[in-house]
Amino acid sequence: MTVPRQRRRLFCLLLLCCSLFAHIPAAASAARHIHFQPRALLAASQHRSQADRVLVADAKRFARCVAANQARPRRCGAAHNKLQHAGARLAAAERRLARLARAAGRTAKTSGALRIGRRRSAPQLSASGESLSWSPVAGVKAYVLRRRVAGQGVYFAIVHGTSATPAPVPGASVSYAVRTSARRSFWSGEAPVSYAGWSPAQAPADRRSAPAVTLSGQTLSWPAITGVSAYIVERSLPGRRVRYTALAATSFTLPAGPAASARFSVRSAVVGSAWATPTVVSAQPGSATASSRAAIIHAAAIRAAARSAESTPTAPVAPAPPTPSGLIVGVDTSGWRGNLFNELAAGGIRNLRVSDTSSAAASEAEAAGCTIAVLTFQAGGTIAGRNPATYAGEVLAYAQRHPEVRRIEVLNEPELLADSHNYTAYVALLKATHEALASVPAAARPKLIASWAPTYGFGKGWAAAGGLPYVDEVVVHAYGGGTGQHKGLEGARELITQAHAESGKPVAVTEVGWPTAVGQSATGDSQQWSEAQQAAAITGFAAWAHSQPYISVVIFFNAVDYGSNMWYGIERTNRSHKPSFAALAVAAR
């Protein structure tokens, strides 16, 4: 009986050993290639590279066709269509790579407070001239390189190694950061590289360099880059698809088209080349001047609104000025994110008011090409219920992670909170936040803005408690009121004027709007209006705000309808566009 029992034990031991040895290589392989080099990220990088090669090939083919068929350009129609598809495909591939790269990374500033794996630690990045290098992280072969250029979306690349020489962007200051390809790894600190020392007549030596573009009249031009046979021109207009063309020349005459917000960028038809900093053109060739075009656009919008309103009177609307006044015009997105940001950007509405303080919201807005013009930092509760030091620390941490945010609004409508007369507590929040933000470089520091609310005397209350030195601008919500008939279409302009006169500060109108639930009860701050009246009111208010130099920003409330009567949106609940979407797109230019 003893021998068989021993044999059984020996047999079980052998099976266990075989099982362990069989799984060791597989587990090690998984650790090396899956956890620390996410397949989705690497696949997205390969897809972007492939799309880039296709775009370059199609651009060269189109440029050759145009050069050979100058008398019969229609022969290049098929090549032109392929170029559009290739450009759209590359743009989509870059958005996907950016989305994955952002979602999988963390900010290095918090890494010291966490226990992290070695492969997720932040490399030490340094720049020498135009070359970058970073310290190796044990067990990691692939790194994610991030590039930030003013006026462009954030660019990501996968680098196998610990050094890189990115494609130059003449005339720009570029910030780089790097992290490992491990999921949830930490970004290094940013390393700035300046490409400012270029001469417009000097041709860049690197074929991947962005062309040094200059605008003269209606012509874009750039020095020839040695070894480059063709260039790609990207044209972006609000509410329209991005269009691409390619040419063998080093100049491009702007086509006739809408006057405002046309953006042009140029790159060489070389794989991996960089786009030049976009050139924004406010007027293009045509029979109408910029001024007359703007007047025509606004007059047409007003006439359409009047026809749709039928017998219902609307507020008188003045045309918006033909040239930018510096006023920022945008929309409040409430709790919406994701595809809404992309939809707004595609329509030319790129300035947002956001209440979501997560990094995901800021990253999604940036990926869509939008700017957070106003971030409302916390709502609800009470003023005294917030610890000033904690609040200020959270604001500072956010501002350091997201320097692209323009304004921080201290609480939303504190004048309506239960302790709205606790002005000392509100000033304590302002003072602590102001002092915390002083550590942020001036160029990247968001403006601190605070509610004035003349109707409630809130601003005068905290100003008397010593709060004015700590804010850059005062906030007014300029709704037209639940009564008053057609005067309400103008919005509460008198409150804006009063806030400026009392505070001596610029005014940020972070909410103003007109709901369209005709037949439903009025909201707490507005009557109901037709969709045509809403569109005309947006046009009129923006035109008036342009004429008031002390108004810094106007945010229309809001993006999407909700509830039974809160239909302030420029989109209906089914996400279809109201006439106000187009009106706001024009006002935001």
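This one's a predicted model, so the numbers in the text were calculated from it and none came from an experiment.

**Q** Give me the lowdown on the pairing of strand E4 (residues 142-149), citing residues and values where you can.
**A** On a regular strand, one side chain projects to one face of the sheet and the next to the other, so that they alternate. Among the eight residues of E4, eight are classified as buried, and the element is accordingly described as predominantly covered. The alternating pattern of E4 places Ala 142, Val 144, Arg 146 and Arg 148 and Tyr 143, Leu 145, Arg 147 and Val 149 on opposite faces, both of which are buried.

**Q** So what's going on with the state of the cysteines? Residues and values would help.
**A** When the sulfur atoms of two cysteines share a covalent bond, that bond is a disulfide. This model, assessed by the stated rule, comprises one disulfide. Disulfide pairing is shown between Cys 65 and Cys 76; the S-S distance is 2.1 Å. Taking the torsion about the sulfur-sulfur bond, which here is approximately -100°, the covalent link between Cys 65 and Cys 76 counts as left-handed. Within this pair, whereas Cys 65 is found in helix H2 (residues 39-68), its partner Cys 76 is found in the loop between H2 and helix H3 (77-103), the two being separated by 11 residues in sequence.

**Q** Summarise the sheet that holds strand E14 (residues 251-253); cite the residues concerned and give the values.
**A** The strand order across the open sheet formed by three strands is E10-E11-E14, and the pairing between neighbours is antiparallel. Looking at the sheet topology across the chains shown, the edges are occupied by strand E10 (214-216) and E14. Taken pair by pair, the neighbouring strands of this sheet meet at an average axis angle of 20°, ignoring direction.

**Q** Tell me about the confidence of the model for the chain, and please be specific about residues and values.
**A** Caution applies to low-pLDDT regions: their predicted coordinates should not be interpreted in detail. Residue-level pLDDT values for the chain average 81, and 80% of them are 70 or greater. This stretch, residues 19-37, has a pLDDT under 50; its non-local contacts, to residues over four places away or in other chains, come to 14 contacts. The low-confidence segment residues 283-324, where pLDDT is below 50, has 61 contacts with residues more than four positions distant or belonging to other chains.

**Q** Could you give an account of helix H5 (residues 339-346), naming the residues involved and the relevant values?
**A** Buried within H5 we find Leu 340, Phe 341, Leu 344 and Ala 345. Across the axial projection of H5, the buried residues extend over an arc of 130°, all falling on one side. Close packing links the buried residues of H5 with strand E17 (328-332), strand E18 (351-354), helix H6 (359-367) and helix H12 (579-587). Residue Gly 348 follows H5 closely and has a positive phi angle near 95°.

**Q** Any chance you could break down the sheet that holds strand E6 (residues 163-164) for me, citing the residues and the numbers?
**A** Taken together, three strands build an open sheet; the order of strands is E2-E3-E6 and the sheet is antiparallel. Strands with a single pairing partner mark the edges of an open sheet, and in this sheet they are strand E2 (125-128) and E6. Pairing of E2 with strand E3 (residues 131-134), which is carried by four bridges, proceeds in the antiparallel orientation. Looking at E3, one finds that Ser 128 is bridged to Ser 131.

Parameters at a glance
The numbering scheme is per chain: residues are counted from 1 as the chain's sequence reads. For this predicted model, a pLDDT threshold of at least 70 governs which residues receive local features, and a threshold of 80 or more governs which side-chain atom pairs are given and counted, while totals over whole chains, interfaces and linings are taken from all residues. Neither water nor hydrogens contribute to the side-chain values; these are computed over all heavy atoms in the structure. Note on exposure labels: buried denotes an accessible area under 20% of the residue type's maximum, exposed denotes more than 50%, and partly exposed covers the range between, all computed with a 1.4 Å probe on protein chains only. In this text, helices come from DSSP runs of H or I with a minimum length of four residues, and strands from runs of E with a minimum of two, each type numbered from the N-terminal end. Disulfide assignment relies on a single distance test, namely cysteine sulfur atoms paired within 2.5 Å. Two strands pair if DSSP finds at least two bridges between them. For helices, the fitted line uses only the C-alpha atoms of the stretch in contact; every axis is such a line through C-alpha atoms, and the angle between N-to-C directions lies from 0 to 180 degrees. Each residue carries a pLDDT score, the predictor's own confidence in it, on a scale running from 0 to 100. We call two residues contacting when some pair of their heavy atoms lies within 4.5 Å. What the arc measures is the spread of directions leading from the helix axis to the C-beta atoms.

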